[in-house]
Amino acid sequence: MAAASSASLACQISRPKPSAPYSPHFSGLHRSCSTLSLSSPTLSLFPHLDSRLRLSHSSRRACRRVVAMAGSGKFFVGGNWKCNGTKESISKLVSDLNSATLEPDVDVVVAPPFVYIDQVKNSLTDRIEIAAQNSWVGKGGAFTGEISVEQLKDIGCKWVVLGHSERRHVIGEDDVFIGKKATYALSQGLGVIACIGELLKEREEGKTNDVCFRQMKAFTDAVPSWDNVVIAYEPVWAIGTGKVATPQQAQDVHVAVRDWLKKNVSAEVASKTRIIYGGSVNGSNCAELAKQEDIDGFLVGGASLKGPEFATIINSGTSKKVAA
């Protein structure tokens, strides 16, 4: 029995040796329509970030006057509750969400801690779908502490968050392992919120796109279809820090990721796939971020634990309108 379990475990988590480093067509933030002014008040949010974060001025295409979503799906907002909450606090949060008036043309998902998923599913309005914060790489079995996709579906989950920076940089999951998780989840009918993003050091060194493209390639090499995938760009330096990428910084990376999809998967996938932003999104900054053409929604951390503020973020999808 032990030998069989070990063989099964090895089969499910075996990670092939990485191939030669992927070399994307371009790197750094080089596709903005305008240069970020360092006199902008937005930069007061970035006391650590110096002129190395200036956006290069080059042209991907002429700036559009119409501010509209580039992805062809609905605006998408996810709330990642992480390792937070008690039965009492989550009951209050669910009550706040149930009583909130939410923009109808927005897909909304929340990801409670595993132990509270059933409580949330049984008390939250059907208007909001349930996601898990992680899943195992294959079918369940002798894998202590893991949660299988089959179990998640059994209790009503529709989505799973995979590749979050805390799983990558704290737990130590690598690109290939995350890609395998995504493959299995999608094969079993669970939607995947696929997270990508760079560390502060990588951004300062101009490697933002290199890192995002490498992480994207791991998903591309693994996933059978992009129909149920939402990409979440979350710069690691902005997660839980109070720092948020400027709208233009976020837009530039979203443009680059969409262009990468077009070149490496297909124009149809690039057009249809929603690319959402995460990293200290709150009720004050969501509207300006939502106006960016290639930002198709948000993955929200701390602010999703506050019902009224999360509702404000959900309703920021209305900010996508014809510019004056």
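Residues numbered from 1 in each chain as written. Predicted model: local features only at pLDDT ≥ 70, side-chain atom pairs only at ≥ 80, totals over all residues. Heavy atoms only, no water.

Novice: So, the packing of helix α2 (residues 87-99) against helix α12 (residues 307-314): which residues are in play, and what are the values?
Specialist: The interhelical angle for the contact between α2 and α12, taken along N-to-C directions, is 40 degrees, at an axis separation of 8 Å. When the axis of α2 is compared with that of α12, the two are oblique. Judged by the sense of rotation from one axis to the other, the crossing of α2 with α12 is right-handed. Between α2 and α12, the residues in contact are Leu93, Asp96 and Leu97 and Gly307, Pro308 and Phe310, respectively. (Axes fitted to C-alpha atoms, helices over the stretch in contact; angles between N-to-C directions. Helix = DSSP H or I, 4+ residues; strand = E, 2+ residues; numbered from the N terminus. Parallel < 35°, antiparallel > 145°, perpendicular 65-115°, else oblique. Left-handed = near helix turned anticlockwise from the far one by under 90°. Contact = heavy atoms within 4.5 Å.)

Novice: Describe the packing of aromatic side chains, and please don't skip the residues or the numbers.
Specialist: If you walk through the whole model with that rule in mind, you get six aromatic pairs. Summarising the aromatic geometry, the rings of Phe75 and Phe298 are spaced 5.7 Å apart at their centres and angled 85 degrees between planes, so their arrangement reads as edge-to-face. Of the two residues, Phe75 is situated in strand β1 (residues 75-80) and Phe298 in strand β8 (residues 297-300); the sequence distance between them amounts to 223 residues. The pair formed by Phe75 and Phe298 is uniform in burial state, with each residue classed as buried. With a centroid separation of 6.4 Å and an interplanar angle of 75 degrees, the aromatic rings of Trp136 and Phe177 are classed as edge-to-face. Separated by 41 residues along the polypeptide, Trp136 in the loop between β3 (129-132) and α4 (149-154) and Phe177 in helix α6 (residues 175-187) bring together distant segments of the chain. When its relative accessible area of 7% is taken as the criterion, Trp136 is described as buried. When its relative accessible area of 6% is taken as the criterion, Phe177 is described as buried. (Phe/Tyr/Trp six-rings, centres within 6.5 Å; stacked < 30°, edge-to-face > 60°. Buried < 20%, exposed > 50% of the residue type's maximum accessible area, 1.4 Å probe, protein only.)

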